[in-house]
Amino acid sequence: MSRLALEHLSKVFTDDDGSDIVAVDDVSVDIGDGEFLVLVGPSGCGKSTTLRMVAGLETVTSGDILLGDESIADKGPQERDIAMVFQSYALYPHMTVRGNMSFGLEESTDMSDAEIRELVEETAEMLGIEPLLDRKPSELSGGQQQRVALGRAIVRDPEVFLMDEPLSNLDAKLRSQMRTELQRLQEDLDVTTMYVTHDQTEAMTMGDRIAVLDDGRLQQAGTPLECYHRPANRFVAGFIGEPSMNFFEMTVEGDTLVGEHFTYPLSEDAASAVRSATEVTLGVRPEDVELVDAATGEHDYETIVDVVEPMGNENAVYLTFEDDDRTFVATVGGMRTVEAGTKTVARFPEDAIHLFDGDTGEALK
Ligand code: ATP
């Protein structure tokens, strides 16, 4: 069983003046056998520190790490059946690809030289790097080096793969190609995988589940679609999705939300969801903002088109309310013509809006 469980995991560093830096704060998450979990969050939120604790490269301040039913928190990196792929690839420059991939296998397994040779060649073939086996890392492109780094992890046949931003040094096209390849490989190999990235698109497209971190704390763990459609709080709502969700600060007045530029009448259900709050944030995703010709409903608002950004299959339309220079964004089909400087009506349909507590940021609806 290669289920990996982080239980109340924390890491506190002490800086030069002796003050504490809480890098990881009471994180609990389970990664099922063969599951691909993406740990995602902004720079400095504690992703790498979490991964490094699982790898055994960083000590645990408190909490536990279980592989199957066994705690591995106090084991050395070599004693954990885990292989890590780094952003920097970390290949040995003086060794060939073959040497890099087979390094350590002689000592750590009872395989014969011939068996190791066969395994390395099979893995290289799977990754499309067989013709490069006798080259040195300096004679390879970034994408090829990345495949070697992956190959080195794969030949060790570990119970868990840990990957720290492994695609971030590749150009956009290669990155998206490698994303698909990595997913396919992970599915074929069926190895429990924890993958770190700050890129929400990568997280959304690759993860069976994603765990969103901010400021060392787990904000939400769920499938990409759960996190997208039912964000647990305002942070997750704003972090997942591109362009980001639009937010408006509103005051609760009975069954109506009152904001700086518009009021939003609520249905009975929504009104009861916000009853305990005085201030709420109304969130609406750009694709849920409808642009209509005339205000006919109670959730229709007069706006001015500020800028239109063509994105190919769709246009991002930046809108403002009169007397305001802040914009919010709607995405519409690429064939639709919307002109900057014109007036339009933005509709925020009630079934598409999200409501967050103004104080805590927790989702209310
Ligand atoms: P990035 O995406 O930028 O790599 P991250 O989410 O991986 O960021 P971490 O590298 O885990 O973040 O860092 C989390 C916090 O811990 C940061 O505030 C960082 O400055 C701090 N930190 C990390 N390593 C150390 C260390 N060795 N000593 C002191 N503070 C550290």
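Basis of the calculations
Counting from 1, residues in each chain are numbered in the order their sequence is written. Per-residue local features are limited, in this predicted model, to residues with pLDDT of at least 70; the limit for side-chain atom pairs, both in listing and counting, is 80 or more; totals at the level of whole chains, interfaces and linings are taken over all residues. Excluding hydrogens and water, the side-chain figures rest on all heavy atoms present in the structure. Candidate patch residues must exceed 30% relative accessible area and have no salt bridge, after which like charges are joined if within 9 Å and Val, Leu, Ile, Met, Phe, Trp or Tyr side chains if within 5 Å. The method behind every accessible area is Shrake-Rupley, applied with a 1.4 Å probe, and residues are considered shielded solely by the protein chains displayed. Between Lys or Arg on one side and Asp or Glu on the other, a salt bridge is scored when a side-chain nitrogen of the former is within 4 Å of a carboxyl oxygen of the latter. For the purpose of charge, His is not counted, nor are the chain termini; Lys and Arg are scored as positive and Asp and Glu as negative. For charged residues, the charge sits on one atom: NZ in Lys, CZ in Arg, CG in Asp, CD in Glu. Think of it this way: any DSSP run of H or I at least four residues long counts as a helix, any run of E at least two long counts as a strand, and we number them from the N terminus. Lines are fitted to the C-alpha atoms to define the axes, a helix being fitted only along its stretch in contact, and any angle between axes, read from their N-to-C directions, falls within 0 to 180 degrees. Here the angle decides the label: under 35 degrees means roughly parallel, over 145 means roughly antiparallel, 65 to 115 means roughly perpendicular, and every other value means oblique. The hand of a helix crossing depends on one turn: near helix anticlockwise from the far one by less than a right angle means left-handed, and clockwise means right-handed. Contacts are residue-level and defined by heavy atoms, with any inter-residue pair within 4.5 Å sufficient. Each residue is assigned to one of three groups, with Ala, Val, Leu, Ile, Met, Phe, Trp, Tyr, Cys and Pro labelled nonpolar, Asp, Glu, Lys and Arg labelled charged, and all others, Gly among them, labelled polar. Relative accessibility under 20% of the residue-type maximum defines a buried residue, over 50% an exposed one, and the middle range a partly exposed one, all with a 1.4 Å probe and only protein chains included. N or O atoms within 3.5 Å of each other form a polar contact, as long as, within protein, one can give a hydrogen and the other can take it, and as long as residues adjacent in sequence are counted only when both atoms are side-chain atoms. Residues belong to one nonpolar core when they are buried, are Ala, Val, Leu, Ile, Met, Phe, Trp, Tyr or Cys, and are joined through side-chain atoms within 4.5 Å.

A. Highlighting a negative patch on the surface. Negative charge collects at one region of the surface, where Asp110, Glu115, Glu118, Glu122, Glu125 and Glu130 lie side by side. Residue placement: Glu115 occurs in helix α4 (residues 113–126).

B. Representation of the packing of helix α5 (residues 142–155) against helix α6 (residues 172–189). One can describe the packing of α5 onto α6 by two numbers: an axis separation of 12 Å at closest approach and a directional angle of 15°. Between α5 and α6, the angle falls in the class roughly parallel. α5 and α6 meet at a crossing whose hand is right-handed. For the pair α5 and α6, contact is made by Gly143, Gln146, Arg147, Leu150 and Ile154 and by Leu174, Gln177, Met178, Glu181, Leu182, Leu185 and Leu189, respectively. Grouping the amino acids of the contact of α5 with α6 by side-chain chemistry returns seven nonpolar, three polar and two charged.

C. A look at the side chain of Arg80. Along the chain, the position of Arg80 falls in the loop between β5 (70–71) and β6 (82–85). Buried charge without a salt bridge: Arg80, with Asp74 as the nearest opposite-charge side chain at an N-O distance of 6.6 Å. Engagement of the side chain of Arg80 in a polar contact is seen with the backbone oxygen of Met53, the distance being 2.8 Å. When neighbours within four sequence positions are excluded, Arg80 is seen to be in contact with Met53, Val54, Ala55, Gly56, Ile65, Ile72, Ala73, Asp74 and Lys75.

D. Region of interest: the nonpolar core. Among the nonpolar cores identified, the biggest contains 42 residues, and Val38, Met101, Ile129 and Tyr195 are the most heavily contacted of them. The element contributing the most residues to this core is α5, with six residues. Excluding residues that lie within four positions of it along the chain, Tyr195 makes contacts with Phe36, Leu37, Val38, Leu39, Met163, Pro166, Leu167, Leu182, Glu202 and Met206. Judged by nonpolar contacts, the second largest core, of 29 residues, contains Phe248, Leu257, Val305 and Ala330.

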